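Each chain is listed here by its residues.
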Amino acid sequence: MVLCMSRPDQPCSAWLLKSLCLLVLCGAAHAQEPPYVVTYSDVLEEPGNLEFATQNIYSTPKDANPFYAQTFEVEYGIRAWWTAEAYFQGQTTAHDSTVFTGFRLENRFRPLRRSHWINPVVYVEYEDISQADKSFLEVTGNHTIQDQQVANAPLRSDIERSVEGKLIASSYIKGVNVSENIIAEKNISNEPWEFGYALAVSRPLANEASAHHCVVCRQYFAVGGELFGGLGTRYTFGLSGTSQYAGPTVSYSAPRNLTILFGPEFGVNANSASVLWRLKVAYEINQFRDLFRRSR
Amino acid sequence: MSLRRSLGLTCTILSAAFLMGAADGSWLHRVSTADHARSSPLLATSESRGKAAAGGAQVFHNECAKCHGDDGGGLHNRPSVISDRVNNASDGDLFWLMNNGVPWRGMPPWISLPPGERWQLVAYLRALNAADAGPSPLSAAASVPRSTPSSQGVSR
């Protein structure tokens with residue numbers, strides 16, 4: 001807050017800073033989600049909460065044009081055990097074009113009533129995505145970075161409609177979250193099942209909250225690492241001919257509503273881009289459904 | 001009686017039984033003896049209780065107040081955290097509730113919070129209930145400011 005008021009002589013900067021501070025300080029709360037961009041944990045959206053997020057990715061793959069892709073997410077907690085989410089994706093490629101690449105609709109369910117050593121979540125998704133998609137929300141099948149060498153025009157006309165399932169498993173060991181995702185995807189047309197995986201570990205920087213109100217405290221930061229990639233298809237199951245990525249992540253979750261997540265992901269084999277730069281910003285409206293209720 | 005009416009009646013009875021079974025406080029019956037007996041590592045002394053409760057107030061304001069209200073009284077028919085049930089529950093019971101939630105009744109599990117923050121929340125719930133009951137041995141905890149917007153400098 002001191003920072004917000006410290007530059008009244010610069011109207012534009014002050015306005016921007018004040019807006020940022022208002023964004024951070026006002027509004028509703030958000031849960032302590034692990035800092036993952038690809039891997040899902042067992043944390044669902046709280047019932048009644050509405051979250052908007054933009055996930056940005058930039059990369060300069062070898063022998064292909066640099067690209068920037070953005071995914072806009074809308075997530076709503078329907079029940080404490082059920083979260084629904086919609087994704088809208090697009091990308092722009094240097095020396096090529098900017099295209100909308102499709103959408104995804106997903107639901108996540110927590111089947112068990114209690115927390116256990118391993119907490120499972122069932123994930124079901126419908127995708128309507130063109131082959132021009134460069135969001136890297138997951139890697140399945142035999143996807144490689146060499147696929148990105150093709151221009152957008154022929155790729156965008158090749159639409160893939162598929163159903164995807166994930167088994168999400170998440171554990172907590174002394175404040176450290178360990179999450180594993182097993183992915184199975186089936187194109188509705190006659191194509192074989194494709195598989196993928198994601199693993200992640202994270203922990204918050206502080207185990208206890210500060211006794212004083214603060215906006216930038218250790219308790220609001222979390223660090224982690226992710227490893228994800230494809231596992232081929234039903235006929236080519238394995239790590240060969242797939243892309244694999246690993247990298248650290250760090251997130252800042254402002255008290256109440258804003259989350260900023262950043263992390264580079266490094267390709268670990270020749271089929272991967274050297275680096276995928278990620279930045280995710282999420283804003284949560286707490287108890288959105290209460291806006292339509294009259295009682296206290 | 002038609003088959004359709006019989007099915008409707010059966011569903012109504014089963015639904016009523018299910019709702020009665022999931023009534024407020026039923027979670028207490030699911031707490032194991034071992035969990036019930038757990039004691040907070042942060043409540044050893046009155047000083048540490050006060051400090052833990054102050055930290056818990058911050059967590060409550062950030063994570064819990066949106067449903068239970070800044071004063072803990074509950075919003076939009078969601079349960080108050082100031083009650084005989086909470087007051088009579090052990091620290092282990094409250095810690096169990098945060099770990100597991102009551103998902104079928106709307107409360108998600110908060111196991112994603114670090115264990116220290118969950119114990120701080122237990123301390124804050126104790127302080128809230130002690131303050132509501134009047135003077136008590138938890139004098140330090142009772143002096144913890146309620147998690148109100150004005151005390152936090154945050155508007156809702």
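Every value quoted in this text rests on a predicted model; they were computed, and no experiment measured them.

### Quick word on the interface of chain B and chain A
At the interface, 43 residues of chain B touch 43 residues of chain A. Interface of chain B and chain A: buried area, both sides summed, is about 3700 Å²; carbon and sulfur atoms make up 50% of it. Where chain B touches chain A, the interface holds two salt bridges. Across the chain B-chain A interface, the total number found is nine residue pairs in polar contact (both at pLDDT 80 or more).

### Describing the pairing of strand β7 (residues 176-187) of chain A
Residue and element names in this part refer to chain A. Summarising the sheet, strand β6 (residues 159-173) and β7 pair through 12 bridges and their orientation is antiparallel. Bridged to S170 within β7 is S179. Counted between consecutive antiparallel strands, the loop separating β6 from β7 contains two residues, among which K174 sits at a positive phi close to 50 degrees. Bridge count between β7 and strand β8 (residues 194-204): nine bridges; the pairing is antiparallel. Looking across to β8, one finds that I182 is bridged to Y197. Hairpin connection between β7 and β8: a loop of six residues separates the two successive antiparallel strands.

### Here we look at the nonpolar core
One finds B:W27, B:F60, B:V81, B:L94, B:L121, B:V122 and B:L125 to be the most contacted residues of the largest nonpolar core, which totals 32 residues. Every element with two or more residues in this core is listed here: α3 (46-68), α5 (91-100) and α6 (115-133) of chain B. Counting residues per element, this core draws most heavily on α6(B), which supplies eight residues. Those residues in contact with B:V122 that lie beyond four places of it in its chain are B:D91, B:L94, B:F95 and B:M98. Within the second largest apolar cluster, 14 residues are counted, among which are A:V37, A:V38, A:A69 and A:L276.

How each quantity is defined
- Residues numbered from 1 in each chain as written.
- Chains lettered and ligands numbered in written order.
- Predicted model: local features only at pLDDT ≥ 70, side-chain atom pairs only at ≥ 80, totals over all residues.
- Heavy atoms only, no water.
- Contact = heavy atoms within 4.5 Å.
- Buried area = accessible area lost by both parts, 1.4 Å probe.
- Salt bridge = Lys/Arg side-chain N within 4 Å of Asp/Glu carboxyl O.
- Polar contact = N/O pair within 3.5 Å; in protein donor to acceptor, adjacent residues only side chain to side chain.
- Pairing = 2+ DSSP bridges.
- Helix = DSSP H or I, 4+ residues; strand = E, 2+ residues; numbered from the N terminus.
- Core = buried A, V, L, I, M, F, W, Y, C linked by side-chain atoms within 4.5 Å.
- Buried < 20%, exposed > 50% of the residue type's maximum accessible area, 1.4 Å probe, protein only.

Function-wise, these values are silent; they only describe arrangement.
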